[in-house]
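Below, each chain spelled out in residue letters.
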Amino acid sequence: MAEDIKSMTEEELKQALAQLGEPAYRAAQVYQWLHRGVKTFDEMTNISKKTRELLVKNYYISSAAIEKNLISDYDDTRKYLFSFADGETVESVLMHYHHGYTSCISTQVGCKMGCTFCATGQGGFARNLAPSEMLAQLQAEEEDAGIRISNIVLMGMGEPLDNYENVVRFLELVSSEHGMNIGMRHISLSTCGLVPRIYDLAELGLQLTLSVSLHAPNDQIRSRTMPINRKYHIDELLKACRYYISKTGRRISFEYAMIDGVNDSDANAAELASRLRGMLCHVNLIPVNTVGGTGYKKSRQNRIRSFIAVLEKAGITATVRRTLGSDINASCGQLRRSAGGAQSKEDRKE
């Protein structure tokens, strides 16, 4: 059975090709081609036909086919629906900032976590993505948009720490010198709070940014909106976060979806501040996305301003996430759910 060659490290590829009788330098050549985004072995023009035939016999190259591409009329944000060889689909979002291009990619097909304000979880869980399929999303975006991605956010469909081994392998590949060479300080990983895996990640000492989806100041609210909190309560989660900070020296970003009448009062802000006091952290407030069937509405602007004021008075820095791609439903999960009726920007103009 053919193996997934793009999920291999350069050293693993060297060992595998040596078993096929290939010299060590061949692995470096093949590895570089794979990380340039080739879709077939025939595109590896400096590899002999005999070697390419060996590769075809033993391996396959994962790629992501663009099924839908929505481009915002407001800010050049691009939202993609990708399909893989087995027909499963995921989403990613490409955002243009002054410092370059940031891609928010998926790590699973669907999600098991069941957060009540999230569109992805409503579609259920299908499978984990391989490291090669995470890379393929980035490569397809770069080819389609004609750009170079400088920053990555693992905050698309799925819970990255629920696909821990594959995500860690992806991080090794995407940051490798002969790969896309995107440094860890340019990568953010978002989790809803799988506590044991936060400890595991801390032990690796990676210099990425950990973003924790907190979304509530207490267990009562968080357990209603995020089922994972029934397994790992806030105190346990924050203990793991403090350990992560102590091991890595990196500031944690706490994501907080502002939901009208649910978690956005001044009292909620004060309770949140008391829990986070003394931590090397930042709070990123996110006006909740409108997702059908949830009944949630985003907080009013004056309520958000008041919430920030309470946090800042307590010494907690907070900002409101910039909204990008609002005209194309750029929050993950929405395009996949409506794939049958989604239209690209070009389609809409016809």
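In case you missed it, the structure is sitting above this.
Residues numbered from 1 in each chain as written. Predicted model: local features only at pLDDT ≥ 70, side-chain atom pairs only at ≥ 80, totals over all residues. Heavy atoms only, no water.

Participant: Can you lay out the overall build of the protein chain for me, pointing to particular residues and giving the numbers?
Facilitator: Across its full length, the protein chain holds 13 helices and 14 strands. Taking 2.2 N^0.38 as the reference for a compact globule, 350 residues should give roughly 20 Å; the C-alpha atoms of the protein chain span a radius of gyration of 21 Å, in line with that estimate. Across its three principal directions, the C-alpha atoms of the protein chain cover 70 × 55 × 35 Å. For the protein chain, long-range pairs separated by at least 24 residues make up 68% of all intrachain contacts whose partners lie at least 6 apart in sequence. (Helix = DSSP H or I, 4+ residues; strand = E, 2+ residues; numbered from the N terminus. Rg over C-alpha atoms; globule rule 2.2 N^0.38 Å. Contact = heavy atoms within 4.5 Å.)

Participant: Mind laying out the sheet that holds strand β4 (residues 78-83), listing which residues take part and the relevant values?
Facilitator: In spatial order, the strands read β3-β4-β5-β6-β9-β10-β11-β12-β13-β14; together these ten strands make up an open sheet with mixed pairing. The sheet is open, and its two edges are formed by β3 (65-71) and β14 (318-320), each paired on a single side. Strand-to-strand twist in this sheet, taken as the mean axis angle between neighbours without regard to direction, amounts to 25 degrees. Judged from the six bridges that link them, β3 and β4 form a sheet pairing that is antiparallel. Pairing of Ile71 across the sheet is with Arg78, part of β4. The strands that helix α6 (residues 164-174) touches are β6 (100-105), β9 (149-154) and β10 (187-191); relative to β9, the one it contacts most, it runs at about 170 degrees. (Pairing = 2+ DSSP bridges. Axes fitted to C-alpha atoms, helices over the stretch in contact; angles between N-to-C directions.)

Participant: Tell me what's going on with the environment of Gln207, and back it up with residues and numbers.
Facilitator: Looking at the secondary structure, you find Gln207 in the loop between α7 (195-204) and β11 (209-213). In this structure the C-alpha to C-alpha distance between Gln207 and Arg251, which are 44 residues apart in sequence, comes to 9.9 Å. At 3.1 Å, the side chain of Gln207 and the side chain of Arg185 are in polar contact. Among the polar contacts made by the side chain of Gln207, one reaches the main-chain carbonyl oxygen of Thr248 at a distance of 3.2 Å. (Polar contact = N/O pair within 3.5 Å; in protein donor to acceptor, adjacent residues only side chain to side chain.)

Participant: Talk me through the pairing of strand β12 (residues 252-258); I want residue IDs and the actual numbers.
Facilitator: Most of β12 sits inside the fold, with seven of its seven residues counted as buried. Neither face of β12 is open: one carries Ile252, Phe254, Tyr256 and Met258, the other Ser253, Glu255 and Ala257, and all of them are buried. When β11 meets β12, the two strands line up parallel, connected through three bridges. Note that in β12 the partner of Ser213 across the bridge is Glu255. In the sheet, β12 pairs with strand β13 (residues 281-287) via seven bridges, with the strands oriented parallel. Bridge pairing in β13 links Ser253 to His282. For the segment spanning β12, helix α10 (residues 266-276) and β13, crossover handedness is right-handed. (Buried < 20%, exposed > 50% of the residue type's maximum accessible area, 1.4 Å probe, protein only. Right-handed = clockwise from strand over helix to strand, strands pointing away.)

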